[in-house]
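Here are the chains, one letter per residue:
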Amino acid sequence: YDVTIFDQASDILQRASNNQEGKIHLGFVYSNDKTMKTGERMMESALRFASYLEYLLDVDEIDWKEWKSEKFRYLVPYDSIVSMDELEDFFSKLQGIYHEFLKEDPSLSYLGERPQSLYRRVPLLSN
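Note that the structure is a prediction, hence the values are computed from the model and not measured.

Peer 1: If you had to explain a nonpolar patch on the surface to someone new, which residues and values would you point to?
Peer 2: Where nonpolar side chains cluster on the molecular surface, the patch consists of Val 29, Tyr 30, Phe 72 and Tyr 74 and spans about 370 Å² of accessible area. Looking at where Tyr 74 falls in the secondary structure, it is placed in the loop between helix 2 (37-57) and helix 3 (84-104).

Peer 1: Lay out the environment of Asp 60 in plain terms, naming residues and giving numbers.
Peer 2: With respect to the helices and strands, Asp 60 occurs in the loop between helix 2 and helix 3. For Asp 60, a relative accessible area of 79% corresponds to the exposed category. Remark: the alpha-carbon pair of Asp 60 and Met 36, spanning 24 residues in sequence, is separated by 33 Å.

Peer 1: Quick one: what's the story with helix 3, residue by residue and with numbers?
Peer 2: The end-to-end C-alpha separation of helix 3 is 30 Å, in line with the 30 Å expected for 21 residues at 1.5 Å each. Where helix 3 is buried, its residues contact helix 2.

Peer 1: Break down the pattern of salt bridges for me, citing the residues and quoting the values.
Peer 2: When the charged atoms of two side chains lie near each other, side chains of opposite charge can form a pair. All told, the structure shown has 6 salt bridges when counted by the stated rule. Between Lys 93 and Asp 89 there is a salt bridge, with its nearest N and O atoms 3.2 Å apart. With Lys 93 and Asp 89 both in helix 3, this residue pair falls 4 residues apart, about one helical turn. Owing to a relative accessible area of 40%, Asp 89 belongs among the partly exposed residues under this scheme. Glu 100 serves as the salt-bridge partner of Lys 103, at 3.6 Å between the closest nitrogen and oxygen. Of the two residues, Lys 103 and Glu 100 are both situated in helix 3; the distance of 3 residues between them amounts to about one turn of the helix. Each of the salt bridges in this network shares a partner with another, and the network as a whole consists of Glu 44, Arg 48 and Asp 105.

Quick notes on the rules
- Residues numbered from 1 in each chain as written.
- Predicted model: local features only at pLDDT ≥ 70, side-chain atom pairs only at ≥ 80, totals over all residues.
- Heavy atoms only, no water.
- Patch = residues over 30% accessible without salt bridge, like charges linked within 9 Å, V, L, I, M, F, W, Y side chains within 5 Å.
- Areas by Shrake-Rupley, 256 points an atom, 1.4 Å probe, with all protein chains shown as cover.
- Salt bridge = Lys/Arg side-chain N within 4 Å of Asp/Glu carboxyl O.
- Helix = DSSP H or I, 4+ residues; strand = E, 2+ residues; numbered from the N terminus.
- Buried < 20%, exposed > 50% of the residue type's maximum accessible area, 1.4 Å probe, protein only.
- Expected span 1.5 Å × (residues − 1).
- Contact = heavy atoms within 4.5 Å.

Structure below.
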(Lines give C-alpha, C1' and ligand atoms only; values in the text may rest on other atoms or scores of the structure.)
Protein backbone atom coordinates (compact mmCIF):
# COMPACT_ATOMS: atom_id res chain seq x y z
CA TYR A 1 0.00 0.00 0.00
CA ASP A 2 1.06 3.57 -0.61
CA VAL A 3 -0.43 5.82 2.06
CA THR A 4 0.26 9.49 2.73
CA ILE A 5 -0.88 10.97 6.03
CA PHE A 6 -1.15 14.70 6.55
CA ASP A 7 -1.19 15.91 10.13
CA GLN A 8 -0.71 19.20 11.90
CA ALA A 9 1.64 17.57 14.43
CA SER A 10 5.22 16.68 13.60
CA ASP A 11 4.94 13.16 15.08
CA ILE A 12 2.30 10.51 15.78
CA LEU A 13 0.29 10.36 19.02
CA GLN A 14 0.67 14.07 19.67
CA ARG A 15 -2.83 15.45 19.20
CA ALA A 16 -6.27 13.81 19.59
CA SER A 17 -4.82 10.30 19.87
CA ASN A 18 -2.78 11.48 22.84
CA ASN A 19 -5.44 13.65 24.48
CA GLN A 20 -8.56 11.51 24.18
CA GLU A 21 -9.40 8.24 25.86
CA GLY A 22 -7.70 6.08 23.20
CA LYS A 23 -9.19 2.86 24.56
CA ILE A 24 -9.38 -0.47 22.80
CA HIS A 25 -12.99 -1.18 23.79
CA LEU A 26 -14.13 -4.68 24.65
CA GLY A 27 -17.76 -3.86 23.96
CA PHE A 28 -19.07 -3.27 27.49
CA VAL A 29 -20.42 0.20 26.68
CA TYR A 30 -22.91 -1.23 24.16
CA SER A 31 -25.15 -2.90 26.73
CA ASN A 32 -28.37 -1.64 25.15
CA ASP A 33 -27.72 -3.74 22.02
CA LYS A 34 -29.87 -6.80 22.73
CA THR A 35 -28.47 -8.62 19.67
CA MET A 36 -24.94 -8.59 21.18
CA LYS A 37 -23.60 -7.95 17.66
CA THR A 38 -21.83 -4.70 18.54
CA GLY A 39 -20.34 -6.12 21.73
CA GLU A 40 -19.18 -9.24 19.93
CA ARG A 41 -17.62 -7.20 17.10
CA MET A 42 -15.85 -4.90 19.56
CA MET A 43 -14.61 -7.86 21.60
CA GLU A 44 -13.17 -9.64 18.58
CA SER A 45 -11.51 -6.47 17.29
CA ALA A 46 -10.02 -5.72 20.71
CA LEU A 47 -8.63 -9.26 21.00
CA ARG A 48 -7.03 -9.05 17.56
CA PHE A 49 -5.71 -5.49 17.88
CA ALA A 50 -2.34 -6.21 19.53
CA SER A 51 -1.24 -8.92 17.09
CA TYR A 52 -2.35 -6.84 14.08
CA LEU A 53 -0.48 -3.78 15.24
CA GLU A 54 2.65 -5.79 16.06
CA TYR A 55 2.45 -7.35 12.59
CA LEU A 56 2.03 -3.96 10.88
CA LEU A 57 4.93 -2.49 12.85
CA ASP A 58 7.02 -5.63 12.19
CA VAL A 59 7.88 -6.13 15.86
CA ASP A 60 7.78 -9.32 17.93
CA GLU A 61 5.94 -7.82 20.86
CA ILE A 62 4.95 -4.37 22.09
CA ASP A 63 5.27 -3.56 25.79
CA TRP A 64 1.55 -2.91 26.22
CA LYS A 65 1.85 -2.08 29.93
CA GLU A 66 3.44 1.22 28.93
CA TRP A 67 0.36 2.17 26.90
CA LYS A 68 -2.47 0.89 29.09
CA SER A 69 -4.67 3.09 31.21
CA GLU A 70 -5.56 2.29 34.79
CA LYS A 71 -8.57 0.07 35.43
CA PHE A 72 -11.75 2.00 35.98
CA ARG A 73 -15.27 1.58 37.27
CA TYR A 74 -18.56 2.03 35.52
CA LEU A 75 -21.23 3.63 37.66
CA VAL A 76 -24.83 2.89 36.78
CA PRO A 77 -27.32 5.64 37.65
CA TYR A 78 -30.55 4.58 39.33
CA ASP A 79 -32.52 5.95 36.35
CA SER A 80 -30.31 4.36 33.68
CA ILE A 81 -31.95 3.17 30.44
CA VAL A 82 -30.33 -0.21 31.13
CA SER A 83 -31.07 -1.67 34.57
CA MET A 84 -28.36 -3.16 36.75
CA ASP A 85 -29.74 -6.67 36.11
CA GLU A 86 -29.74 -6.09 32.34
CA LEU A 87 -26.22 -4.72 32.53
CA GLU A 88 -24.96 -7.72 34.48
CA ASP A 89 -26.68 -10.05 32.02
CA PHE A 90 -25.00 -8.26 29.09
CA PHE A 91 -21.60 -8.30 30.84
CA SER A 92 -21.98 -12.02 31.58
CA LYS A 93 -22.84 -12.80 27.94
CA LEU A 94 -19.90 -10.72 26.75
CA GLN A 95 -17.63 -12.57 29.19
CA GLY A 96 -18.84 -15.84 27.60
CA ILE A 97 -18.10 -14.49 24.12
CA TYR A 98 -14.61 -13.54 25.33
CA HIS A 99 -13.94 -17.09 26.58
CA GLU A 100 -15.23 -18.59 23.31
CA PHE A 101 -12.85 -16.39 21.28
CA LEU A 102 -9.90 -17.37 23.48
CA LYS A 103 -10.81 -21.06 23.23
CA GLU A 104 -11.09 -20.88 19.42
CA ASP A 105 -7.82 -19.00 18.95
CA PRO A 106 -5.05 -19.31 21.59
CA SER A 107 -3.10 -16.46 19.96
CA LEU A 108 -5.73 -13.86 20.92
CA SER A 109 -5.17 -11.50 23.83
CA TYR A 110 -6.30 -8.17 25.17
CA LEU A 111 -3.15 -6.11 24.71
CA GLY A 112 -0.92 -9.03 25.64
CA GLU A 113 -3.04 -10.35 28.51
CA ARG A 114 -5.69 -13.07 28.84
CA PRO A 115 -7.39 -12.38 32.18
CA GLN A 116 -9.84 -14.97 33.46
CA SER A 117 -12.45 -12.31 34.14
CA LEU A 118 -12.98 -8.96 32.42
CA TYR A 119 -15.32 -7.46 35.01
CA ARG A 120 -16.60 -7.83 38.53
CA ARG A 121 -19.42 -6.17 40.38
CA VAL A 122 -18.32 -3.87 43.15
CA PRO A 123 -21.00 -3.06 45.73
CA LEU A 124 -21.80 0.58 46.22
CA LEU A 125 -20.72 1.80 49.63
CA SER A 126 -23.24 3.78 51.61
CA ASN A 127 -22.72 6.18 54.49
